[in-house]
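Coordinate analysis (summary)
Now for the letters of each chain:
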Amino acid sequence: MTQTRNDVLPERAELLPGIWRLPLPLRDSPLGHVNTYLVRADDGYLLVDCGWDTADTLQALEGHMRALDIPLGDVRHLVVTHIHPDHYGLAGRLREITRADLSFHRLERLYIESRYGNAEELLSEMHEWLRINGTPGAELDRLNFGSMGIIERVKIAFPDRTLDGGEEITCGRFAFRVLWTPGHSTGHICLFDARNKVLLSGDHVLPHITPSVGLHVRAASNPLADYLDSLRLVGRLEAELVLPGHGEPFHGLPERTAELIAHHQGRLDEIKILLEREPARGLNGYTIASRMKWSRRRTWDDLSGFERRLAVTEALAHIELLHARGEVHKEYAEGEITYRLPLPE
Ligand SMILES: [Zn+2]
Ligand SMILES: [Zn+2]
């Protein structure tokens, strides 16, 4: 969850012949920008990810295309790595403008209506779920409404084609294999071109930021177990250049995936130490999150409602992995879930 502020938009660049990085601004976000990638195809262009639906984001994209002397209407294909607002929000508007066909993973398709179409119902489920995970009553609304403004930056679009992973998307001199990399999002995909040794990694692997992996109220699986498996998967690829969703393109994919795996192992150890201190009573998810270290400079009191919610969902993703491995007990009593280490025999 560590994020860096980047007020200056990075520059547009042609990274390999026929593939451009087009950074788009994310107003009010500590991420600063999202990278979209434009790839020359035989019948026009493919755009991978598209920013969210605000006027300044669209204007920035139009500015990049004008500077490259490519009409926006020449974008024929749009692939979205996952449906978080900063990667998918503009897809609906862009499709109206360009008529490009839209592709993303089948599992992301499942979440569109529940996340962006019926926010009221999701909010009330989330409220109850934060409560049974120990969030104090006075804080519930603050945590729960933290992300509501962002939902307005999404114009819903359904895919023309759903992907499963394994497909090949040929595009000019590139042939991208679709890799299903669940974890940061259930249906997250990366695109890998083995011949050019280039990986478009979305939010799965980022150069400086640790991608957030959270357990959500409607999570279908054990996201951290999925994430660690997906990291091992891409860590084995022979990729020389990684093009991430945020931050600078980078080299050294195996080292970066190893760092991320080590980071999560450290988190799992941190939680076990916290639970060791409460052998009998155990702790709920909120209390564990509030005692974990989230930032070098900022304490729990400094975190916003949205950041606290992210922290709680991330802590729960780690605790649930420990639970799935049999290293932590989970108990439900009097309307609250608590976790504790197994008592010694
Ligand atoms: Zn994301
Ligand atoms: Zn992102």
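As a starting point, this report considers the structure included with it. Residue positions within a chain follow its written sequence, with the count starting from 1. Chain letters start at A and ligand numbers start at 1, both assigned in the order the entries are written. Predicted model: local features are reported for residues with pLDDT of at least 70 only, side-chain atom pairs are reported and counted for 80 or more only, and whole-chain, interface and lining totals are derived from all residues. To get the side-chain values, all heavy atoms of the structure are used, and hydrogens and water are removed first.

Points about the overall build of the protein chain
For the protein chain, the count of helices and strands is eleven helices and 14 strands. C-alpha extents for the protein chain along the principal axes are approximately 65 × 40 × 35 Å. For every residue, the accessible area (1.4 Å probe, protein chains only) is compared with the maximum for its type, and the residue is labelled buried under 20%, exposed over 50%, or partly exposed between those bounds. For the protein chain, the proportion of its 345 residues judged to be buried stands at 56%. Look at the contacts in the protein chain between residues 6 or more apart in sequence, and 65% of them connect residues 24 or more apart. Numbering of helices and strands runs from the N terminus; a helix is a DSSP stretch of H or I covering at least four residues, while a strand is a stretch of E covering at least two. Contacts are assigned to residue pairs with any non-hydrogen atoms lying within 4.5 Å of each other.

Digging into the coordination of the zinc ion (ligand 1)
Protein coordination at the zinc ion (ligand 1): the donors are His82 (NE2), His84 (ND1), His184 (NE2) and Asp203 (OD), at 2.1 to 2.3 Å from the metal. Here a donor is any nitrogen, oxygen or sulfur atom (N, O, S) within 2.8 Å of the metal, with 3.2 Å used for Na, K and Ca; water is not among the atoms considered, so some sites may look incomplete. Here a site with four donors is tetrahedral if all angles are between 85 and 135 degrees, and a site with four or six donors is square planar or octahedral if opposite donors are over 155 degrees apart and the other angles are between 65 and 115; anything else gets the irregular label. Around the zinc ion (ligand 1), the four donor atoms are arranged such that angles at the metal cover 91 to 172 degrees; this shape is classified as irregular. In the primary structure, the donors to the zinc ion (ligand 1) are separated according to the pattern H-x1-H-x99-H-x18-D. Relative accessible area serves as the criterion here: at 12%, His184 is assigned to the buried category.

Things to note about the environment of Arg40
Looking at the element boundaries, Arg40 is found in strand S3 (residues 33-41). In this structure, the C-alpha to C-alpha distance between Arg40 and Phe306, residues 266 residues apart in sequence, is 38 Å. Sequence-distant contacts of Arg40, defined by excluding residues within four places in its chain, comprise Gly18, Trp20, Tyr45, Cys171 and Gly172.

Re the side chain of Ser230
Mapped onto the elements of the fold, Ser230 is located in helix H8 (residues 223-235). Residue Ser230 is classed as buried on the basis of its relative accessible area of 4%. When neighbours within four sequence positions are excluded, Ser230 is seen to be in contact with Thr181, Pro182 and His204.

Some thoughts on the sheet that holds S3
The pairing criterion for strands is at least two bridges between them, as found by DSSP. Taken together, the seven strands give an open sheet; going across it, the order is S1-S2-S3-S4-S5-S6-S7, and neighbouring strands pair in mixed fashion. In this open sheet, the two edge strands, each paired with only one partner strand, are strand S1 (13-16) and strand S7 (161-163). Going from strand to strand, the sheet's axes swing by 25 degrees on average, the running direction of each strand aside. On the sheet, helix H1 (residues 55-68) packs against strand S2 (19-25), S3, strand S4 (44-48) and strand S5 (75-79) and is oriented at approximately 150 degrees with respect to S2. The sheet contacts of helix H3 (residues 91-98) involve S4, S5 and strand S6 (101-105), and relative to S5 the element is tilted by about 160 degrees. Where helices are involved, their axes are fitted lines through C-alpha atoms of the stretch in contact, as for all axes, and angles between N-to-C directions lie from 0 to 180°.

Focus: the coordination of the zinc ion (ligand 2)
The coordination sphere of the zinc ion (ligand 2) contains the protein donors Asp86 (OD), His87 (NE2), Asp203 (OD) and His246 (NE2), at a distance range of 2.1 to 2.2 Å. Taken together, the four donor atoms coordinating the zinc ion (ligand 2) span angles of 88 to 151 degrees at the metal, a pattern that classifies the geometry as irregular. Binding-site remark: the zinc ion (ligand 2) is held by donors from one chain whose sequence spacing is D-H-x115-D-x42-H. Distance-wise, the zinc ion (ligand 1) is placed 3.6 Å from the zinc ion (ligand 2), both being coordinated by Asp203. You can see Asp86 sitting in helix H2 (residues 85-88) and its partner Asp203 sitting in the loop between strand S11 (198-202) and H8, a full 117 residues away along the chain. Taking relative accessible area as the criterion, Asp203 reaches 4% and is therefore assigned buried.

Brief notes about the environment of Leu107
Note on placement: Leu107 falls in helix H4 (residues 106-117). Put simply, Leu107 and Glu314 are 207 residues apart on the chain and 20 Å apart in space, counted from C-alpha to C-alpha. Among residues more than four places away in sequence, those in contact with Leu107 are Trp180, Thr186 and Gly187.

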